[in-house]
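Overview (structure and organization)
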Amino acid sequence: SQQGEEDPQALSIQEGENATMNCSYKTSINNLQWYRQNSGRGLVHLILIRSNEREKHSGRLRVTLDTSKKSSSLLITASRAADTASYFCATGKDNAGNMLTFGGGTRLMVKP
Amino acid sequence: DTAVSQTPKYLVTQMGNDKSIKCEQNLGHDTMYWYKQDSKKFLKIMFSYNNKELIINETVPNRFSPKSPDKAHLNLHINSLELGDSAVYFCASGVAETQYFGPGTRLLVL
């Protein structure tokens, strides 16, 4: 079964609006990462948050992590049409590059 | 100067055939991975490999085998292809926690 479950599965917003995606997981983790996948392409790493961190920012991205609830959220502010993609959360059990466990993804559409 | 490359990009083949997908990374990473993405976009780890250790996801059939001629390459060999093997296969390489993905190989088994 998927370690991470994303919510919502699909999200459609207007350009300029904020997009929030959530991820829940089941077991203890060392880190949680978010990746983006444009249609027909590979995944691109966006941001990583470690289990001892609660919030992290990178440009228009804001990630939060609540280990007590085993959940994370990804906020994209001031969305652009180019943000249209699928977004996946992935959990890592250690910092040694072991296998990531991915959620099912949120398909984001940003309408111009 | 592609970081992680895969060939072929598309692969259409008949059931029962044996096929290989090649992966190369020029990032100098020690660890490489293979993932399978099904039609519902679920991404599942198949293998993790570095020069010391191969970790196999126990759900992967033994018809799938990774082969690494050197640190920069991790090829995926599939024996006796089945219809259910149709998917997109992604190679990745990593340093510490972060992974860098190839563009994917779209496999269709007829």
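First things first, this report covers the structure right here in the doc. Quick caveat, the model's predicted, so the values are computed rather than measured.

1. Remarks on the sheet that holds strand β8 (residues 75-78) of chain B
In any sheet, the strands associate via hydrogen bonds between backbone groups, in a parallel or an antiparallel arrangement. Residue and element names in this part refer to chain B. Within the open sheet, the four strands sit side by side as β1-β3-β8-β7. Their pairing is antiparallel. Across the chains shown, the open sheet's two edge strands, defined by having one partner strand only, are β1 (4-7) and β7 (64-67). In this sheet, adjacent strand axes meet at a mean angle of 20 degrees when their direction is disregarded. Sheet analysis places strand β3 (residues 19-25) next to β8, joined by three bridges and oriented antiparallel. Across the sheet, residue Ser 20 finds its bridge partner in β8, namely His 77.

2. Brief notes about the nonpolar core
One broad rule of soluble globular proteins: the nonpolar side chains tend to lie buried together. Core analysis: the largest hydrophobic core is formed by 21 residues, its most contacted members being Met 21, Leu 32, Trp 34, Leu 74, Ile 76, Tyr 87 and Leu 108 of chain A. Counting residues per element, the ones that place at least two in this core are β3 (19-24), β4 (31-37), β5 (43-50), β7 (61-66), β8 (71-76), β9 (85-92) and β11 (106-111) of chain A. Membership of the second largest hydrophobic core comes to 19 residues, among which are Met 32, Trp 34, Met 46 and Leu 76 of chain B.

3. Concerning the sheet that holds β8 of chain A
Residues and elements named next belong to chain A. One open sheet accounts for five strands, arranged β1-β3-β8-β7-β6; its pairing is antiparallel. The open sheet has two edge strands with one neighbour each: β1 (5-7) and β6 (55-58). Pairs of neighbouring strands in the sheet enclose a mean axial angle of 15 degrees, with direction left out of account.

4. Quick look at the pattern of salt bridges
Residues and elements named next belong to chain B. Counted under the stated rule, the structure contains seven salt bridges over all chains. Notably, a salt bridge pairs Arg 63 with Glu 82, separated by 3.5 Å at the nearest N-O pair. Of this pair, Arg 63 sits in the loop between β6 (54-56) and β7 while Glu 82 is found in the loop between β8 and β9 (87-95), placing the two residues 19 residues apart along the sequence. The exposure class assigned to Glu 82 is partly exposed, which follows from its relative accessible area of 39%. Because the salt bridges share partners, they merge into one network encompassing Arg 63, Glu 82 and Asp 85.

5. Side note on the interface of chain B and chain A
Contacts between chain B and chain A engage 20 residues on the former and 24 residues on the latter. Of the roughly 1800 Å² buried between chain B and chain A, counting both surfaces, carbon and sulfur atoms make up 57%. Scanning the region where chain B abuts chain A turns up one salt bridge. Note that Glu 97 of chain B and Arg 50 of chain A form a salt bridge whose closest N and O atoms lie 2.2 Å from each other. Our enumeration of links across chain B and chain A arrives at five residue pairs in polar contact (both at pLDDT 80 or more). Of all the secondary-structure elements, those providing two or more residues to the side of chain B that touches chain A are β4 (31-37), β5 (43-49) and β10 (98-101) of chain B. For the side of chain B that touches chain A, a count of residues per class yields 11 nonpolar, six polar and three charged.

6. Focus: the pairing of β11 of chain A
Residue and element names in this part refer to chain A. Of the two faces of β11, only one is covered, namely that formed by Thr 106, Leu 108 and Val 110; the face formed by Arg 107, Met 109 and Lys 111 stays uncovered. Looking at chain direction, strand β2 (residues 10-14) and β11 are connected through five bridges and run parallel. Counterpart to Ile 13 in the pairing with β11 is Val 110. Here three bridges tie β9 to β11, and the two strands are oriented antiparallel to one another. Bridge assignment links Ser 86 to a residue of β11, and that residue is Arg 107.

7. Digging into the environment of His 29 of chain B
Residues and elements named next belong to chain B. Locating His 29 in the fold gives a position in the loop between β3 and β4. For His 29, a relative accessible area of 8% gives the class buried. Once the C-alpha coordinates of His 29 and Pro 61 are considered, the two residues, 32 residues apart in sequence, prove to be 26 Å apart. Discounting residues that sit within four places of it in the chain, His 29 has contacts with Lys 71, Ser 93, Gly 94, Val 95 and Tyr 100. A polar contact of 2.8 Å, which involves the side chain of His 29, links it to the side chain of Ser 93. At 3.4 Å, the side chain of His 29 forms a polar contact with the backbone nitrogen of Gly 94.

What counts and what doesn't
Residues numbered from 1 in each chain as written. Chains lettered and ligands numbered in written order. Predicted model: local features only at pLDDT ≥ 70, side-chain atom pairs only at ≥ 80, totals over all residues. Heavy atoms only, no water. Pairing = 2+ DSSP bridges. Helix = DSSP H or I, 4+ residues; strand = E, 2+ residues; numbered from the N terminus. Axes fitted to C-alpha atoms, helices over the stretch in contact; angles between N-to-C directions. Core = buried A, V, L, I, M, F, W, Y, C linked by side-chain atoms within 4.5 Å. Buried < 20%, exposed > 50% of the residue type's maximum accessible area, 1.4 Å probe, protein only. Salt bridge = Lys/Arg side-chain N within 4 Å of Asp/Glu carboxyl O. Contact = heavy atoms within 4.5 Å. Buried area = accessible area lost by both parts, 1.4 Å probe. Polar contact = N/O pair within 3.5 Å; in protein donor to acceptor, adjacent residues only side chain to side chain. Nonpolar A, V, L, I, M, F, W, Y, C, P; charged D, E, K, R; others polar.

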